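Structural characterization, general
Read off the chains here:
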Amino acid sequence: MRASSDLPRRPGRVRRRGTRRPNRGRIILISIAVVIVVLFLSARFLAGFFTDYLWFDSLGYSGVFTGVLGAKVKLALIFSTLFFALLFTNLFVADKLAPTYRPPGPEEEFLARYRQLVGPRAMLVRVAVSVVFAFIAGVGVSGQWKQWILFTHARSFGTKDPLFHTDVSFYVFRLPFLNFVVSWLFASLVIVIVITAVAHYLNGGIRLQVQTNRVTPQVKVHLSLLLGGLALLKAAGYWLQRYQLLFSSRGAVDGATYTDVKAQLPAIYLLVAISLTAFVLLLINVRRRGWVLPALAVGLWALIALVAGALYPAFIQRFRVQPAESTKELPYIDRNISATRQAFGLDNVVTTPYPVDAATLTKNDLETAAPTLSNVRLLDPDRVINTFRIKQRLKGYYTFNQLDIDRYPINGSATPVAIAARELQDSAVPQQSWEGRHLAYTHGSGIAFAPTDKVGPDGAPVFVDQSSPKAPPQLTKTGVYFGEDLGGYAVVKTKRKEVSLAASGTEVQTEYSGKGGVSMSSVVRRVAFALRFGEPNLLLSNNITASSQILYVRDVRARVAQLAPFLTFDSDPYPVVVSGRLVWVVDAYTTTDNFPYSQSANTDDLPNASGLKGKDFNYARNSVKAVVDAYDGTTTFYVIDSKDPLIQAYEAAFPKLFTANDKVPKELRAHFRYPSDLFRVQTTAWGRYHITDPGLFYQRDNAWNVAQDPGFTQQGAQVTTATSTNSSGVIVQTTSKRKIDPYYALLQLPGDKTQSFVTLREFVPFSEKGDVQLLVSFMTVSSDPDTYGDLRVFQIQVPDSDQLPAGPLNVQSSTQSDADISRELSLLDTTGSTVEFGTLQLLPIGRSILYVRPLYTIPKNQSDLPVLKKVIVTFQNRSYMDNTFEAALTKAFGSSPDLGTVVGGATVPPPTGPTTPPPTTDTIASLLDQANTLYAEANVALRSGDLATYQKKVDQAFNAVKQAQALASPTTTTTAPANSSTTSSSSTSSTTVNA
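Residues numbered from 1 in each chain as written. Predicted model: local features only at pLDDT ≥ 70, side-chain atom pairs only at ≥ 80, totals over all residues. Heavy atoms only, no water.

A closer look at the overall build of the protein chain
The helix and strand inventory of the protein chain stands at 28 helices and 33 strands. Within the span of the protein chain, comprising 995 residues, buried residues form 52% of the whole. Relative to all contacts within the protein chain whose residues are 6 or more apart in sequence, the contacts with residues 24 or more apart total 70%. On the protein chain, roughly 44100 Å² of surface is accessible, and the fraction owed to carbon and sulfur atoms is 56%. (Helix = DSSP H or I, 4+ residues; strand = E, 2+ residues; numbered from the N terminus. Buried < 20%, exposed > 50% of the residue type's maximum accessible area, 1.4 Å probe, protein only. Contact = heavy atoms within 4.5 Å. Areas by Shrake-Rupley, 256 points an atom, 1.4 Å probe, with all protein chains shown as cover.)

Quick look at the structure:
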């Protein structure tokens, strides 16, 4: 492309000064039309961009929005400018090197027409081509904003890798971005070379259809310099590739192993030398101006890359390493063990021998362990979720998405409870109009919770009565505007009052009083929201005023992920009541896959909802607790691991997003739980990485597996392979590949004097087929404030490995192989109910292991309402089943402490003093008569169409029945009726606890 000054001008008419081209007005109109069309097509994108900013700003985190956007724009500008300068300069040089004389040839006619068309606009064409390609090459770089933020805010790990003796921070913060830059430059230079070669062709410097002098000497010089640049970039890429060896998966473990260090690394150094040699040859070619040296450079590089870079390392791995892997790899396995334990926080695990040699448990042992026994979980969250939904939803448009285990003080002592927020079920609201779904029915209401160690006489949960002023925890703000799986949006502070729930359970009108939400104070904002949600009513509705606010991104996991997209989040947000408000706690992780020598995490048994599931990482920290207020959506990110260099980098980049650990309210900290997703990853890794001797590690001597899941149903649901059954058709042996889930428990660990709220998971010896299921150890992690995150392993000590206690799968087999239990399970399963097991819980008592497992039945005629039917106690490979936990203990050991696990009155646990006289039959009959009267009045209201009165009367009748049931139940009962088969399980009313 030659400059216009180099080309002859065509004669033409000279336009008189001051005259206008006749089509200029048309061009202006077309341009305006194009702009309008573009704005129309991008209106929704612009509205989304604008409302996203408003959302961040409403939460006080606009700095995150502008910080991320700024990083993206900065990267796009830097790399677009770099590409533009690179391409424009070479196109300019290509035009300057265009030959003044072009020999005639078949191509000349086509090129002459091109030059005639482009010649007067050569500069414009150069700029246009450079801008277009720079935009394409630069805009995509904005996706590297996370790496850029880490690159520019690097923090030291204080640990050096054992091969290059470089701080780990280089690999985590610097190397990923440097690799990207080198790769981008190489690809960009290739594109520039191609475009430059085309420019030389169009200018005549390259002729393809002539016999001689196809490329002018000047063009050869230019292309040689560009190819030399490629050689330098390739050398830089090889230099960085050395560091990538520390993440190799070629050997027995991840990291640079024998072949990588002894063969691949020398080959890389050789390739660096060859690349630099190629650069020198291409520089020499500037003077020689031929193709021999470039061809020699490329050929030499290709040969060395194939032989030294691929064939030689493969040869060493196959014929030197594999025949003697157990000795060749030992130093590198040792490095891998040390790095992996550090990367996953396993270097501070405290291992405690736990001798198990007592054949029996004495009455004294049971009495001593009474606090632990009294906290055994009889209510399994996965089993009783439907009970909560049926008995505590209060209105048909509420639901409970998930139950979580926590601890709250009841009667002065910490008690494990199942707690859930009563959330709005948008699809079930009675008014499915736009106004009903977005203005009237906007939120859930309050919580429901029940102690997990208590049940009523009917086997149902004993719900804590929230109306009592003494019942912890108390909520002053009951509205649940933000929760789990809550999509869409709600408009509050409108002329249309919201529907809420009073303490009595009746519907009332209310108005949102929180600070959260984005103001809809202007027409521009309302138009933007109408475009974002595709809903004209947001602009047209008369109910919306200047004081109205719109709440969106109401799912708590989506909310925190949008605020902190550089963090990874746990699968299980859980509700906590703090100072009268309900908040959600979401655990957040910092991860990387660039920790040298660390083994990649195994995430196979993580829940699908986990942000860690399927993610490639070899370092993880639970560095942040994200807390979302359920009422107004206020979100706070508490840094609980300030030593983590990754979170330090993000704190430096977004200082206003994070809150220091010492700012966590004491009441909130008391309810922090160690995240189960991270604990799954750690326990899976610990099965092998508890071994510190590299030789034993390689041989897998003393390696462990996480115990297999015993399944939940009598028929062995979640068991993935064939099983054997007894004569009654009940499974007695299973081979499950699914790992047992960790579970939260409040218990006294061996050697401790007090109880701890911990997460627990069991281990069995490693076996290829998973056929060895004896208990070899169990790991716990504390959630107590003073010892939060402390990992402890209790390793079973027995005289002989054959005397190891049974593991979870053995316990289940023992249970189902017992003739009496098997017969009763079969009977329960064939009498119109489905039998389901709860969580199998391990209890270390004295110097023995005791297993406890609740058993539920789901009557087919009660809307899948499960009730606790039996409790199974397993000790020394013998299982004992009875109606209550105390009865099962008595059957197993001849006696049991009074644990108060079955209650029927108004206190938990049952009072130990003199009991009050039972209520008279007249009182109960009066309440039932009152319920009948209210029900009749409700039917009258229904026939007259007064739905509000109908609902009110039904609620009052229901409350009267509940009061009658509570009075009818003995207040000091500690055991269920002796014959559970004759105990009625048809009641769907809720037993309440006035704590």
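Next, the rest of the story.
Some remarks on the environment of Ala 310
With respect to the helices, strands and loops of the structure, Ala 310 is situated in helix H10 (residues 292-321). Between the C-alpha atom of Ala 310 and that of Ala 263, which follows or precedes it by 47 residues, the distance is 9.7 Å.

Side note on the packing of aromatic side chains
All told, the structure shown has 49 aromatic pairs when counted by the stated rule. The interplanar angle of 5 degrees and the centroid separation of 5.7 Å between the aromatic rings of Tyr 744 and Phe 757 together place this pair among those described as stacked. Taken together, the positions of Tyr 744 in strand E24 (residues 743-747) and Phe 757 in strand E25 (residues 756-765) put the pair 13 residues apart, joining distant regions of the chain. Here Tyr 744 falls in the buried class, since its relative accessible area comes to 10%. Given the relative accessible area of 1%, Phe 757 is considered buried. An aromatic cluster is present here, built from Phe 79, Phe 83, Trp 148, Phe 151, Phe 177, Phe 180 and Trp 184 joined pairwise through their rings. (Phe/Tyr/Trp six-rings, centres within 6.5 Å; stacked < 30°, edge-to-face > 60°.)

As for the side chain of Ser 879
On the secondary structure map, Ser 879 appears in strand E32 (residues 878-882). Classification of Ser 879 by relative accessible area gives buried; the value is 5%. Only 3.1 Å separates the side chain of Ser 879 from the side chain of Thr 815, close enough to count as a polar contact. In terms of polar contacts, Ser 879 uses its side chain to reach the side chain of Thr 874, at 2.9 Å. Setting aside chain neighbours within four positions, we find Ser 879 in contact with Val 811, Ser 814, Thr 815, Asp 818, Ile 821, Ile 872, Val 873 and Thr 874. (Polar contact = N/O pair within 3.5 Å; in protein donor to acceptor, adjacent residues only side chain to side chain.)

A short note on the pattern of salt bridges
Tallied over the entire structure, the rule returns 24 salt bridges. Two residues, Arg 126 and Asp 95, come together in a salt bridge whose shortest N-O distance is 2.2 Å. With Arg 126 in helix H5 (residues 122-139) and Asp 95 in helix H3 (residues 62-96), this pair connects stretches of sequence that are 31 residues apart. The residues Arg 126 and Asp 95 share a single accessibility class, namely buried. Asp 709 serves as the salt-bridge partner of Arg 738, at 2.4 Å between the closest nitrogen and oxygen. Placement of the pair is Arg 738 in the loop between strand E23 (731-733) and E24 and Asp 709 in the loop between strand E21 (704-706) and strand E22 (724-725), with a sequence separation of 29 residues. (Salt bridge = Lys/Arg side-chain N within 4 Å of Asp/Glu carboxyl O.)

Examining the sheet that holds strand E10 (residues 489-492)
What the 3 strands build is an open sheet, ordered E10-E14-E13; its pairing is antiparallel. At either end of the open sheet lies a strand with only one pairing partner, and these are E10 and strand E13 (518-519). When E13 meets strand E14 (residues 549-552), the two strands line up antiparallel, connected through 2 bridges. Directly across from Val 518, in E14, lies its bridge partner Ile 550. (Pairing = 2+ DSSP bridges.)

Examining the sheet that holds strand E7 (residues 447-451)
Across a sheet, paired strands are connected by hydrogen bonds in the backbone, their directions being either parallel or antiparallel. Across the sheet, which stays open at both edges, the 3 strands sit in the order E3-E4-E7 with antiparallel pairing between neighbours. Only two strands of the sheet have a single neighbouring strand rather than two, namely strand E3 (404-410) and E7. Strand-to-strand twist of the sheet, defined as the mean angle between neighbouring strand axes without regard to direction, takes the value 40 degrees. Examined bridge by bridge, E3 and strand E4 (residues 413-421) share 7 bridges and lie antiparallel to one another. What sits directly across from Pro 409, in E4, is Ala 414. Across the face of the sheet, helix H15 (residues 381-392) comes into contact with E3, E4 and E7 while running at roughly 130 degrees to E7. (Axes fitted to C-alpha atoms, helices over the stretch in contact; angles between N-to-C directions.)

Concerning the nonpolar core
With 156 residues, the main nonpolar core has Leu 538, Leu 567, Phe 637, Phe 658 and Leu 668 as its most contacted residues. Looking at this core, the element that brings in the most residues is helix H7 (residues 168-203), giving 14 residues. Other than its neighbours up to four places away in sequence, Leu 668 contacts Val 576, Val 578, Val 583, Val 585, Val 627 and Tyr 638. Residues Leu 746, Leu 747, Leu 889 and Ala 892 belong to the second largest nonpolar core, which totals 60 residues. (Core = buried A, V, L, I, M, F, W, Y, C linked by side-chain atoms within 4.5 Å.)

Some thoughts on the environment of Asp 453
Turning to its location among the elements, Asp 453 is positioned in the loop between E7 and strand E8 (462-464). Of the residues examined, Asp 453 reaches a relative accessible area of 2% and is grouped as buried. Expressed as a C-alpha distance, the spacing of Asp 453 and Thr 415, which sit 38 residues apart in the sequence, is 8.0 Å. Asp 453 has contacts with Ser 374, Asn 375, Val 376, Leu 378, Thr 415, Pro 416 and Thr 901, leaving out every residue within four places of it along the chain. One polar contact links Asp 453 to Lys 454, side chain to side chain, over a distance of 2.8 Å.

Side note on unusual backbone geometry
Notably, Asn 411 is not glycine yet its phi reads approximately 55 degrees, a positive angle. Along the polypeptide, Asn 411 turns up in the loop between E3 and E4. Phi is positive for Val 553, which is not a glycine, with a value near 55 degrees.

Quick word on the side chain of Thr 590
Note on placement: Thr 590 falls in strand E17 (residues 581-592). The class for Thr 590 is buried, based on a relative accessible area of 1%. For Thr 590, the side chain forms a polar contact with the side chain of Asp 644, separated by 2.5 Å.

Examining the pairing of strand E30 (residues 848-859)
A large share of E30 lies buried, amounting to 12 of its 12 residues. Neither face of E30 is open: one carries Ser 848, Leu 850, Val 852, Pro 854, Tyr 856 and Ile 858, the other Ile 849, Tyr 851, Arg 853, Leu 855, Thr 857 and Pro 859, and all of them are buried. As judged from the 5 bridges shared by strand E28 (residues 833-837) and E30, these two strands associate in the antiparallel manner. Each residue of the ladder has a partner; that of Phe 837, found in E30, is Leu 855. With 5 bridges connecting them, strand E29 (residues 841-845) and E30 associate as antiparallel partners. Within E30, the position partnered with Leu 842 by the bridge is Tyr 851. Linking two consecutive strands that pair antiparallel, namely E29 and E30, is a turn of 2 residues; a positive phi of about 60 degrees is found at Gly 846 within it.

A look at the confidence of the model for the protein chain
For the protein chain, the mean per-residue pLDDT works out to 84, and 82% of the residues sit at or above 70. In this model residues 715-736 is a low-confidence stretch, pLDDT under 50, and it forms 52 contacts with partners more than four residues away in sequence or in other chains. Taken together, the stretch residues 970-995 has pLDDT below 50 and engages in 77 contacts with residues farther than four places along the chain or on a different chain. (pLDDT = per-residue confidence, 0-100.)

Considering the pairing of strand E12 (residues 507-510)
In this sheet, E12 lies alongside strand E11 (residues 498-501) in antiparallel orientation, the contact comprising 4 bridges. Across the sheet, Glu 498 pairs through a bridge with Thr 510, a residue of E12. Hairpin connection between E11 and E12: a loop of 5 residues separates the two successive antiparallel strands, and Gly 505 in this loop has a positive phi of roughly 95 degrees.

Quick word on a nonpolar patch on the surface
Among the surface-exposed residues, Val 35, Leu 39, Phe 45, Leu 46, Phe 49, Leu 69, Val 73 and Leu 77 lie close enough to one another that they form a single nonpolar patch of about 730 Å² accessible area. Here Phe 49 shows up in helix H2 (residues 43-58). (Patch = residues over 30% accessible without salt bridge, like charges linked within 9 Å, V, L, I, M, F, W, Y side chains within 5 Å.)

Quick look at the environment of Phe 875
Positionally, Phe 875 belongs in strand E31 (residues 867-875). Sequence separation of Phe 875 and Tyr 851 is 24 residues, and the distance between their C-alpha atoms is 6.6 Å.

Considerations on H5
Between its terminal C-alpha atoms H5 stretches 26 Å, which fits the 26 Å expected from 18 residues at 1.5 Å a residue. Of all the residues in H5, the buried ones are Ala 122, Arg 126, Ser 130, Ala 134, Ala 137 and Gly 138. Viewed along the axis of H5, the buried residues span an arc of 100 degrees, placing them on a single side of the element. Those residues of H5 that are exposed and aimed more than 90 degrees away from the buried face are Leu 124, Phe 135 and Ile 136. (Expected span 1.5 Å × (residues − 1). Arc of directions from axis to C-beta.)

Examining the packing of H2 against helix H19 (residues 556-563)
Taken N-terminus to C-terminus, the directions of H2 and H19 make an angle of 95 degrees; their axes are 11 Å apart at the nearest point. In terms of their interaxial angle, H2 and H19 are classed as roughly perpendicular. Counting all contacts with H2, which are made through Asp 52, Trp 55 and Phe 56, the residues of H19 involved are Arg 559, Gln 562 and Leu 563. Residues belonging to the contact of H2 with H19 are distributed by class as follows: 3 nonpolar, 1 polar and 2 charged. (Parallel < 35°, antiparallel > 145°, perpendicular 65-115°, else oblique. Nonpolar A, V, L, I, M, F, W, Y, C, P; charged D, E, K, R; others polar.)

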